Amino acid sequence: MVDSEGSVRLGFLKKPTYELKSEFFPSKVGGEVAWLSQKNLPDLSCKNCGAPMVFLLQVYAPIDDNDDAFHRTIFVFFCTQKKCAGLKGTYRAFRSQLKIENEFFSHQAPDIEGAMKAFKEMKIKEKNSKKSAQKVTSTDATAKDGDEEEKKNTPDGEESKRSEPESDESSPKETPNASDYQKITTEFELDIYGEEEEVTKQIRDMQSNYDKSYEDYWDQQYIYLASRQDQKLIQKMLKNYAKEYVNEAQELESEEFQDSGAAAGGDNEDTTFLDIFKGNKVDKHFLVFNYASQQHPKQVLRYTYYSQNGPLWYLDKKQIKSKEVPKCPNCRSTRKLEFQIMPQILNFVEFAEGVDPDWGVINVYSCRNHCVSDTQDYLEEFVHKQDSD
């Protein structure tokens, strides 16, 4: 659950401590969707190719002073087809809201402690079952040998008749519905914590000075950040990003960056972090992104709805301005940045074979009015994906 204290809230992954079902209103990544409203589920097909999308995550974010949003969850999905990469509609988000009195859940707070206890007992049973299954492996092998011997003494045709299950023509066949989606096999609980006020203020200060020159402001930021960062991370940042942002006259060959000595300034031991960047004009936005990320390297989500901070952009290109975000089609209100999905999540989540998503940051914008619809239980919100290159 996300609170409204005014700070940036950070999301971290942890192994589930209880079954992440709808009645517990979880924030989670992967696994089965824990739908909020249990009816009128959204169409989860890609707007470009029509394929079922992959469920990425959901964030439970109720609004304290809005009766229509006593329960409120935003769900994010994406398409895995390579032909859809970079196209609009490849990433989709849906918002569902319920009042405290609703047809699906009790107004009583869910028993999380009881759920955690039951979950722990279930895991113990599963572990014991696996041990029992391992013990009977040798017995199964012996039984199989006996079956093979029996087959030798069985008249032709009789065995096949005996082993074939009877077809049930009356059994209904499963048909896909509008809520079909693909699942990530790994499932995580999303733990949400507040970012330190000092860090949030430092990010906000840097964001408010993007228009200042390197000489007037940013060179000093390099010095400030250099005193707080691991030098190995600095070298990695240079290898991956410096070449793209240096002036043509000062552009360095990629081979130079393979040499840690060159990345650190060559043979000159007095070379400083500032010397490396001065004149190279490394992307200011990436510098801020890198600073924010390194304060908590395992953060996978930044919830900024109640914060004064602007979006944490990965690079200076492929951004979107607030005025460019489409208005809510249901009530025509403007939308506001609710949360950002960080690229660090890709280091922890296991996707299906052949699925290799990539992004710099994913921004999810939601209706400022938290509007509801008489005909839709899931209203689509706006997603902006900023690429990593």
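Residues numbered from 1 in each chain as written. Predicted model: local features only at pLDDT ≥ 70, side-chain atom pairs only at ≥ 80, totals over all residues. Heavy atoms only, no water.

(A) Main features of the pairing of strand β10 (residues 379–386). By the criterion of burial, β10 is predominantly enclosed, with six of the eight residues buried. Judged from the three bridges that link them, strand β5 (residues 91–98) and β10 form a sheet pairing that is antiparallel. What sits directly across from A93, in β10, is E381. With five bridges joining them, strand β9 (residues 361–367) and β10 adopt antiparallel strand pairing. (Buried < 20%, exposed > 50% of the residue type's maximum accessible area, 1.4 Å probe, protein only. Helix = DSSP H or I, 4+ residues; strand = E, 2+ residues; numbered from the N terminus. Pairing = 2+ DSSP bridges.)

(B) Layout of the environment of Y210. With respect to the secondary-structure elements, Y210 resides in the loop between α4 (197–207) and α5 (214–226). Considering only alpha carbons, one finds Y210 and V288, 78 residues apart in sequence, at a separation of 9.9 Å. If near-sequence neighbours (up to four positions away) are discounted, Y210 is found in contact with W218, K284, H285 and V288. (Contact = heavy atoms within 4.5 Å.)

(C) Examining the nonpolar core more closely. Ranked by size, the top nonpolar core spans 29 residues in total, and within it L56, L57, L301, F339, I341 and I345 carry the most contacts. Tallying contributions element by element places strand β3 (residues 54–60) first for this core, with four residues. Y214, L312, Y314 and L337 belong to the second-largest nonpolar core, a separate cluster that totals 24 residues. (Core = buried A, V, L, I, M, F, W, Y, C linked by side-chain atoms within 4.5 Å.)

(D) Seen up close, the packing of aromatic side chains. Throughout the structure, instances matching the rule amount to 22 aromatic pairs. When the centroid spacing of 6.2 Å and the interplanar angle of 20 degrees are considered together, the rings of W35 and F77 count as stacked. Of this pair, W35 sits in the loop between β2 (28–29) and β3 while F77 sits in strand β4 (residues 71–78); the two residues are 42 residues apart in sequence, bridging distant segments of the chain. W35 sits in the buried class, given a relative accessible area of 9%. (Phe/Tyr/Trp six-rings, centres within 6.5 Å; stacked < 30°, edge-to-face > 60°.)

(E) Examining the sheet that holds β10 more closely. Read around the closed barrel, the ten strands follow the order β1-β6-β2-β3-β4-β5-β10-β9-β8-β7; overall the barrel is antiparallel. For strand β7 (residues 301–303) and strand β8 (residues 335–341), the ladder comprises three bridges, and the chain directions are antiparallel. Bridge pairing in β8 links L301 to I341.

(F) Seen up close, the state of the cysteines. Evaluation of the coordinates by the stated rule reveals zero disulfides. Note on C371: no disulfide assigned, nearest cysteine sulfur contributed by C328 at a separation of 3.6 Å. (Disulfide = S-S within 2.5 Å.)

(G) Looking closely at helix α10 (residues 284–295). Relative to the 16 Å expected for twelve residues at 1.5 Å per residue, α10 spans 17 Å between its end C-alpha atoms, a close match to the ideal helical length. Within α10, ten of the twelve residues are buried, which leaves it mostly tucked inside the rest of the structure. Buried residues of α10: K284, H285, F286, L287, V288, F289, N290, Y291, A292 and S293, and no others. Looking at where α10 begins, the residue whose side-chain oxygen comes 2.8 Å from the main-chain nitrogen of H285 is D283. (Expected span 1.5 Å × (residues − 1). Polar contact = N/O pair within 3.5 Å; in protein donor to acceptor, adjacent residues only side chain to side chain.)

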